[in-house]
Amino acid sequence: MQEHTPENGEAELAAILEHCNDLRLAPMPEEGALPEGFTGTLGHFPVYFPEEIAHAAGLLPVHVLGGGNRLEMKYADAHMGSFVCSICRSTAELGLNGSLKGLSGFITHPICDAAKHLAGIWSRNFPEQLAQILYLPQNVNSPGAISYIAGEYQRLRGEFEKLAGHAVSDEALRHSIGIYNRNRVLLRELYEIRRDAPWKLSCTEGYLLLRARTRIPCEQHNTMLEAALPAIRARRRAAQDKPRVVFVGGFCEQPPLEMLEAMDDTCYIVDDDLLIGLRWFTADVPETGDPMWSLAESFVERSAASPVQHDERKTKEGYLMAMIESSKADGAIVSAAKFCEPGLDEQVAWSKHLDQVGVPYLILEFEEKMTSFEQMAMQLETFAESLLFAIA
C-alpha cells in the first residue's frame, strides 16, 4: 500500500485538477455515455437552477456555459444581434451547430432579455427537446414569493416527469436534496480555504474544482471534493507577498481561464461570485417536509446575493462590502461581461460606493471569447503594486 505523504497528495490533487480541466473542455455527455441512474441530460442556463428536481427525475443537470474562446461562430449571428452578450450568442451557436443535440431539454431564465429569448430560439429550432423558461420572481420580498416559486418548481417537476417517463416522488427529491446539501458543505470548505489560506489554492484551481459539477453528477462531485480538500489543506506552500482581493462579475458569463490565471499571478483572490448558482444557498436546504417548499423557501431565505435577484435585504453595495469584510480583502476587482446589462448596472453602483468608502478597486471588462490578455495583465500588475504600496 502506498504511504500517504504530502507528495502523494499533491500528485493526486494534480490528477484531479487535470480531470476537472478535461471536463471543462469536454462536450456534453451523449445519451449512451450517461452515468448510471440517469436517462437523459437537462441543460440549464446560468445563474440559478434547482438541480435537485432534475436529479431526482434521473435527468443529469448540466450547465450550458457558452462556448468559451475556442468556438467559431457560424450560425448564431443569423438569430441574434451582434450587441448581445457572448454567452447567449455562443449558447445559440452550440445548439445550432449540433453540439447540444444530445440534450433532453434546455431551461433558461428571464435574467435578461437575451437569456429569456433563448427559449424561443430553442423551441423553434429543436422541437424534439423540452424548452422551458423558469420564471423566478423579481421581487422575492413579496408575501407570495415562496408559494409562487414552489408552484413554478412543481410545474417543472411535471415536465420532467413526462420527459423521464415516471413520477418523481417526494422521497426521491429529499434524497437529492441530501446529496446537494453535502455538496454545499464541501464547497463552503473550499471557499474557507480560499479565504483563510489562499496560497494553498489559487482562484483558477478552485474554479476548476467548482466548475467540474457542471458536467458530472453531484454525488461524483462530492467524492472528488472529499479527495481534493485534504490534499489542499496538506499543501506545503509558502505565502507570497500578494494583496488580498475579491472578484465580482462572474455570476453568468464566465471569464476565460487565462483571465483567472492573470489575476492569480499578481493577487490572492480570496472570494468571488464565479458560478454563484452552484453555491446559491448559504445554508443547507431542510430535508424534511415538502421538498418543493423547502427549495422555494431556501431560494428566498437562504440564498446568496446576485445582480439577477432583487432583494431589498441585500443591497448591491451591501453584499460586495460583506464579501470584502468577511474575506479581509485589501481591494476589489469589479468586472462585467461585455454587453451584460445586469453586470454593467451593478458595476456602476459598486464603483460609486467603493469610491465613497475609500476601498481600492480595478474595473475590468471581459468576454468569454477573449484570447489576448497582455493589457489586462499589465493593469492587474499595476493594481496589485498600488495595493501593496498602500498597505505597506
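Small disclaimer: the values here were computed from a predicted structure and weren't measured.

S.K.: Explanation requested: the overall build of the protein in the structure shown.
M.R.: The number of helices and strands found in the protein is 13 helices and eight strands. For 392 residues, the compact-globule estimate of 2.2 N^0.38 gives 21 Å, and the protein sits close to it at 21 Å. When burial is assessed residue by residue, the protein has 58% of its 392 residues classed as buried. Counting contacts in the protein only where the partners sit at least 6 residues apart, residues at least 24 apart contribute 72% of the total. Surface exposure of the protein reaches about 16,700 Å², of which carbon and sulfur atoms provide 51%.

S.K.: Any chance you could explain the nonpolar core here in plain terms?
M.R.: Buried together is how nonpolar side chains tend to be arranged in soluble globular proteins. Within the largest apolar cluster, 114 residues are counted, with the highest numbers of intra-cluster contacts made by Phe45, Cys88, Tyr153, Phe160, Leu209, Phe299 and Ile333. Setting aside anything within four residues of it in sequence, one finds Phe45 in contact with Val64, Ile87, Cys88, Thr91, Phe106, Ile107, Thr108, His109, Ile111, Ala115, Leu118 and Cys252. Within the second largest apolar cluster, 16 residues are counted, among which are Val248, Val270, Ile324 and Ala329.

S.K.: Looking at this structure, I do not really get the packing of helix H11 (residues 316–326) against helix H12 (residues 341–357). What am I missing?
M.R.: A packed helix pair is summarised by two numbers, namely the angle formed by the two axes and the spacing between the axes. Taken N-terminus to C-terminus, the directions of H11 and H12 make an angle of 60°; their axes are 9 Å apart at the nearest point. Relative to H12, the crossing made by H11 is right-handed. Taken together, the residues of H12 that come into contact with H11 (itself represented by Lys316, Glu317, Tyr319, Leu320, Met321 and Ile324) are Asp345, Glu346, Ala349, Trp350, His353, Leu354 and Val357. Grouping the amino acids of the contact of H11 with H12 by side-chain chemistry returns eight nonpolar, one polar and four charged.

S.K.: It is not clear to me how the packing of aromatic side chains should be interpreted in this structure. Could you clarify?
M.R.: Here the distance between the centres and the angle between the planes together describe a pair of aromatic rings. Going through the model one piece at a time under the given rule, you end up with nine aromatic pairs. Between Tyr48 and Trp280, the aromatic rings sit 5.5 Å apart at their centres with planes inclined by 20°, giving stacked as the arrangement. Linking Tyr48 in the loop between strand S1 (40–44) and helix H2 (51–56) with Trp280 in the loop between strand S6 (268–272) and helix H10 (291–301), this pair joins segments that are 232 residues apart in sequence. Each of the two residues, Tyr48 as well as Trp280, counts as buried. Ring plane angle 40° and centroid distance 5.6 Å describe the contact between Tyr48 and Phe299, whose orientation is recorded as tilted. In this pair, Tyr48 is assigned in the loop between S1 and H2 and Phe299 in helix H10, connecting sequence segments 251 residues apart. Residue Tyr48 is classed as buried on the basis of its relative accessible area, which comes to 5%. Judged by its relative accessible area of 3%, Phe299 falls in the buried class. Taking NZ or CZ as reference, Arg194 lies 5.0 Å from the ring centre of Tyr191, over its face.

The rules behind each value
Residues numbered from 1 in each chain as written. Predicted model: local features only at pLDDT ≥ 70, side-chain atom pairs only at ≥ 80, totals over all residues. Heavy atoms only, no water. Helix = DSSP H or I, 4+ residues; strand = E, 2+ residues; numbered from the N terminus. Rg over C-alpha atoms; globule rule 2.2 N^0.38 Å. Buried < 20%, exposed > 50% of the residue type's maximum accessible area, 1.4 Å probe, protein only. Contact = heavy atoms within 4.5 Å. Areas by Shrake-Rupley, 256 points an atom, 1.4 Å probe, with all protein chains shown as cover. Core = buried A, V, L, I, M, F, W, Y, C linked by side-chain atoms within 4.5 Å. Axes fitted to C-alpha atoms, helices over the stretch in contact; angles between N-to-C directions. Left-handed = near helix turned anticlockwise from the far one by under 90°. Nonpolar A, V, L, I, M, F, W, Y, C, P; charged D, E, K, R; others polar. Phe/Tyr/Trp six-rings, centres within 6.5 Å; stacked < 30°, edge-to-face > 60°. Lys NZ or Arg CZ within 6 Å of the ring centre and 35° of its normal.

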